[in-house]
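# A closer look at the structure
Okay, here's what each chain looks like letter by letter:
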Amino acid sequence: RWPNIYIKSNRRCCGERKMRFDLDGLEVFFPYPSIYPEQYEYMLELKNALDAKGHCMLEMPTGTGKTVSLLSLITSYQYAHPETGKLVYCTRTVPEMSQTIEELKRVINHRNSLLSEEQVAKNPVLGVCLSARRNMCIHPKVMEASDREQVDVLCRRRTAPWVRMKANDEGNTNSSSAALCEFYEEYDRRGSDIPITSGIYNLEDMQQIGRENGWCPYFATRHVVKFASVIVYNYQYMLDPKVANMVSKELEKECIVVFDEAHNIDNVCIEALSVNFNRRSLEAAAANVSKLNRLINTEKEADQARLNAEYQALVEGLTASGAIDATAADVLGNPVLPDDILDEAVPGNIRKAQHFVKLLDIIIKHLKTRMRVQRVEKETPIAFLHNVQSTIGVESKPLRFAYSRLNSLLRTLRIVDLEEFTPICQVADFLTLVATPDYKNGFMIIIEPYDQRTPHFEDPIIQFACLDASLAIKPVLKRFQSVIITSGTLSPIDLYPKLLDLQPKVRRSLSMSIVRPCICPMIVTRGTDQTPVTSQFNARENKAVVRNYGALLIDLAKSIPDGIVCFFTSYQYMENVVTEWHEQGVLAEVLKHKLLFIETKDVVETTLALDNYRRACDCGRGAVFLSVARGKVSEGIDFDRHYGRCVVLYGIPFQYTKSHILLARLEYLRRTFKIREDEFLAFDALRQASQCVGRVIRSKVDYGIMIFADKRYNNQSKRSKLPPWITQFLEESNANLSTEEAVNVCKSFLKNIAQPLSSATISSSVQVSTLLTEEDLTKRAETMREARKARERSEQNSDDENEIAFKKMKKN
């Protein structure tokens, strides 16, 4: 148990007095009675970036209030500078979104409590979070769907324009053949008169307001986003071009964009522009083409005029997006069309629906032929397009419009079950990406006859792999004046600007202020028999290594209370080790002291295992959770407090180095950004390792043990890439331990952390080093003002002396 003084110091939300202080000339509203020094430094660096109207990268220790610091500073900046645009806060998961909104509520409520009613009314704040339909729907019948993915389909079946037209024509909106959504109808009837006042609304708030007023919270939020002060949503709404064009296209340049937990932002960017499909996907896409043909023939007989109108809609859409100019659009709208103008503007073979579907059919057959390979083939987009033109006579221009043309056709055919047509949408997405002129460089098409990990099972796959993360984020960096990239694990921070082609105005990694160490990192390099422990490939079959790993886990289970989390480098390695542990009796010995749970590739099984793990920790039984780096648990699950008193990382989580996509990316990084292969691999592995061990520390009142069980962590090249808030606690004496020594260090740490703080330590450290009050910040602001005045006087005196010297020189 932590000493009372520490709990009192950090139980800040219960304090009576909140903070309102000066930060380098900016009045900041902070909703707690004290602030950590690293929070103050974080906000200062953030303000410098906003003043410079530039981008910044900031790394702040886990559990030190990064989110509230960021929100307090930016909302205060918006208040002081009304010309500042929206705050667009991008998160990875729905729980992170909810947490951000709750902190924002606390910040704005605190600010409103200090301002007069007139000031609050003059500066209203509206904050909303936007998520998928399945997370916001309130229709009782739609929400009854057992499969959450079906919510989107059921929603479109009730809100699609043609469904509503049919219901209105029939004069019965409640008929089973064309049932509408009464919530969407009420939203559509009210239009811009939706009664949403200023305030901060999470997903549940919007759902509740929707129920009370009878309108759809999803479409209402889509509408409110246009004039909200703060928007919280997923990364994909900003980085994925397909989604961003629908959601984020109306945001102004002055917006401040934040990517929180952005340690993997380069991977997110790459995934947004990458497509892959196997033989089964192409067969499904071929089936989609056949169904589209049948639907087109049916529609052609029923309504030829609507298909012609669909072509005109395509022309208007291309004009709006800038793909063709207005002159070409006028000519295209004329029924008498010169062939040369048609060919220049919109390719003739996608002008009509049947022609376009025939084109897709030809491309799918070509891709099936390309899949029949005996060895891995790699080629650039230019080479692929040349092959397509020489083989089947299709030019690149019609391919460039494939995705927008397919979406237009699906709307024309009144298709609501879009998930059924996902395979053909993937093919169209692939064609658009490969034919886009801006994507000639930084991409590679890789065709593999089988999965490298199952070489005896034939499963060919075509992969359009993005190799350059900067391509996805470049439009965001060019469009908005300030983009904030922040996380608790950005080390080494110097590599991100290269990967993202980013020139930040501010770049800094902050350390953690402490009274005494709250985490105990250590490196285990050998077992009790002095056998070096490592997860290197050539040592994975060494039973002595596996036995020492097992002995370490048994001793930890005996000595450490509550929860222990173990991370392995891959599912295959975890399966091999656990199998060997079972044969050696390690698992049976662990079960004498704690329950044992394992992460699997099945999401439902893993969720159930996590729930039971927490129950075991809550009841005092204690448990061990075996997990995998780069898995679900390592990225989105927190093991705070008694759920994670110790985390063990078995090995270094390097990527699968024989992956052809990884090899292509490494070659591209070396050639384009001068990043060595070993430098990137170590950087990527160590950020994953930091993310894993950081799961057990979620606040300053928390404490835990971090064990890096691999001899390679003792190399300076590896240790230097760990975040400063970990290395500052890593003592040299704990950097080369045996399994037995590591257990003794754990016992000593737990014994010391249970002792109350001495009064001398409290008086010298707590008030001065780890917590700053409003009075402390006032003194600091006065000191900064005096220093600024002194600097200005010095500069003025220097200018005067230079002017006098110049006059003397001129006189002489």
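So, how was this worked out
Residues numbered from 1 in each chain as written. Predicted model: local features only at pLDDT ≥ 70, side-chain atom pairs only at ≥ 80, totals over all residues. Heavy atoms only, no water. Pairing = 2+ DSSP bridges. Helix = DSSP H or I, 4+ residues; strand = E, 2+ residues; numbered from the N terminus. Axes fitted to C-alpha atoms, helices over the stretch in contact; angles between N-to-C directions. Salt bridge = Lys/Arg side-chain N within 4 Å of Asp/Glu carboxyl O. Buried < 20%, exposed > 50% of the residue type's maximum accessible area, 1.4 Å probe, protein only. Phe/Tyr/Trp six-rings, centres within 6.5 Å; stacked < 30°, edge-to-face > 60°. Lys NZ or Arg CZ within 6 Å of the ring centre and 35° of its normal. Contact = heavy atoms within 4.5 Å. Expected span 1.5 Å × (residues − 1). Arc of directions from axis to C-beta. Core = buried A, V, L, I, M, F, W, Y, C linked by side-chain atoms within 4.5 Å. Parallel < 35°, antiparallel > 145°, perpendicular 65-115°, else oblique. Left-handed = near helix turned anticlockwise from the far one by under 90°. Nonpolar A, V, L, I, M, F, W, Y, C, P; charged D, E, K, R; others polar. pLDDT = per-residue confidence, 0-100.

Moving on, we get to the sheet that holds strand β14 (residues 506–509). Across the sheet, which stays open at both edges, the 8 strands sit in the order β6-β5-β7-β4-β8-β13-β3-β14 with parallel pairing between neighbours. One side of each edge strand has no neighbouring strand; the edge strands of this open sheet are β6 (199–201) and β14. Sheet twist, expressed as the average angle between the axes of neighbouring strands with direction ignored, equals 15 degrees. In terms of strand pairing, strand β5 (residues 126–129) meets β6 through 3 bridges, oriented parallel. Paired with Leu 126 across the two strands is Gly 199, which belongs to β6.

Summed over the entire model, instances satisfying the criterion amount to 43 salt bridges. Between Asp 51 and Lys 47 there is a salt bridge, and its shortest N-O distance comes to 2.6 Å. Residue Asp 51 and its partner Lys 47 are both found in helix α2 (residues 37–51); the two are separated by 4 residues, about one turn of the helix. The partner of Glu 377 in a salt bridge is Arg 370, and the shortest N-O contact between them spans 3.4 Å. Residue classification places Arg 370 among the buried positions, given a relative accessible area of 11%. Among the ionic contacts, a cluster of salt bridges with common partners joins Asp 266, Arg 630, Arg 665, Asp 684 and Arg 687.

On to the packing of aromatic side chains, then. Here the structure, examined in full by the defined rule, presents 27 aromatic pairs. Seen in terms of ring centroids, Phe 277 and Phe 430 are 5.3 Å apart; in terms of plane orientation they differ by 85 degrees. Their pairing is edge-to-face. On the criterion of sequence distance, the pair formed by Phe 277 in strand β9 (residues 275–278) and Phe 430 in helix α23 (residues 422–435) is long-range, its members being 153 residues apart. On the basis of an interplanar angle of 45 degrees and a centroid distance of 6.0 Å, the ring pair of Phe 680 and Phe 683 is categorised as tilted. Highlighted residues: Phe 680 and Phe 683, both in helix α32 (residues 677–693), separated by 3 residues, approximately one helical turn. Phe 680 gets classed as buried once you look at its relative accessible area, which sits at 0%. Cluster of aromatic residues (ring-pair linked, three or more members): Phe 277, Phe 384, Phe 430, Tyr 439, Phe 443 and Phe 464. The ring of Tyr 573 carries the charged tip of Arg 540 above its face, separated from the ring centre by 4.7 Å. Positioned above the aromatic ring of Tyr 703, the side-chain terminus of Arg 645 is 3.9 Å from the ring centre.

Glancing now at the sheet that holds strand β19 (residues 646–650). Strand order in the open sheet formed by 7 strands is β17-β18-β16-β19-β20-β15-β21, and the pairing between neighbours is parallel. Strand pairing shows two members of the sheet lacking a second neighbour, β17 (595–598) and β21 (737–738), which therefore form its edges. One ladder, built from 5 bridges, connects β19 with strand β20 (residues 704–709); its direction is parallel. By the bridge assignment, Leu 649 is partnered in β20 with Phe 708. The strands touched by helix α26 (residues 543–559) are β16 (563–568), β18 (623–628), β19 and β20; relative to β19, the strand with the most contacts, the crossing angle is about 180 degrees. In this fold α32 packs onto β16, β19 and β20, with an angle of close to 155 degrees to the strand it touches most, β19.

The end-to-end C-alpha separation of helix α20 (residues 381–392) is 16 Å, in line with the 16 Å expected for 12 residues at 1.5 Å each. Along α20, the residues that are buried comprise Pro 381, Phe 384, Leu 385 and Val 388. Angular distribution of buried residues about the axis of α20 spans 95 degrees; they occupy a single face of the element. Exposed residues lying more than 90 degrees from the buried face of α20 are His 386 and Ser 390. Elements that come into contact with the buried residues of α20 comprise α19 (353–371), β10 (377–379), α21 (396–400), α23, β11 (443–450) and β12 (458–466).

This part takes up the nonpolar core. In terms of nonpolar packing, the biggest core is built from 163 residues, with Phe 21, Tyr 233, Met 238, Phe 259, Ile 265, Ile 473 and Ile 485 touching the most fellow members. Excluding residues that lie within four positions of it along the chain, Ile 485 makes contacts with Cys 56, Met 57, Leu 58, Phe 259, Ala 262, Ile 265, Ile 473, Leu 490, Leu 500 and Leu 502. Counting 80 residues, the second-largest nonpolar core is a separate cluster that includes Cys 566, Phe 597, Ala 689 and Tyr 703.

At a minimum axis separation of 11 Å, α19 and helix α22 (residues 402–412) run at an interaxial angle of 125 degrees. Comparing the axis directions of α19 and α22 gives the class oblique. Pair α19 / α22 crosses with left-handed handedness. Taking contact as the criterion, the partners of Ala 353, Phe 356, Val 357 and Leu 360 in α19 are, on α22, Ala 402, Arg 405, Leu 406 and Leu 409. Tallied by class, the residues present in the contact of α19 with α22 amount to 7 nonpolar, no polar and 1 charged.

Here we take up helix α11 (residues 217–224). Across the 8 residues that make up α11, a large majority, 7, are buried. By the burial criterion, the buried members of α11 are Pro 217, Tyr 218, Phe 219, Ala 220, Thr 221, His 223 and Val 224. The inward-facing, buried residues of α11 contact β5, α6 (133–136), α7 (150–159), α9 (182–190) and α10 (203–213).

Reading predicted coordinates in detail is not appropriate for stretches of low pLDDT. Mean pLDDT over the protein chain stands at 85; residues scoring 70 or higher make up 86%. Within the model, pLDDT remains below 50 along residues 1–15, and this stretch shows 38 contacts once partners closer than five positions in the same chain are excluded. Counting contacts from residues 761–768, a segment whose pLDDT is below 50, to residues more than four positions away or on other chains yields 13 contacts.

Mapped onto the elements, Glu 299 comes out in helix α15 (residues 279–302). Taking C-alpha positions, Glu 299 is 9.2 Å from Thr 412, a pair spaced 113 residues apart along the chain.

The next subject is the pairing of strand β8 (residues 256–259). By the alternation rule, side chains of β8 split into Ile 256 and Val 258 and Val 257 and Phe 259, which are all buried. Note that strand β4 (residues 87–91) and β8 share 4 bridges and pair parallel. Across the sheet, residue Tyr 89 finds its bridge partner in β8, namely Val 258. Where β8 meets strand β13 (residues 482–487), 4 bridges bridge the pair, whose relative direction is parallel. Of the residues in β13, the one forming a bridge with Val 258 is Ile 484.

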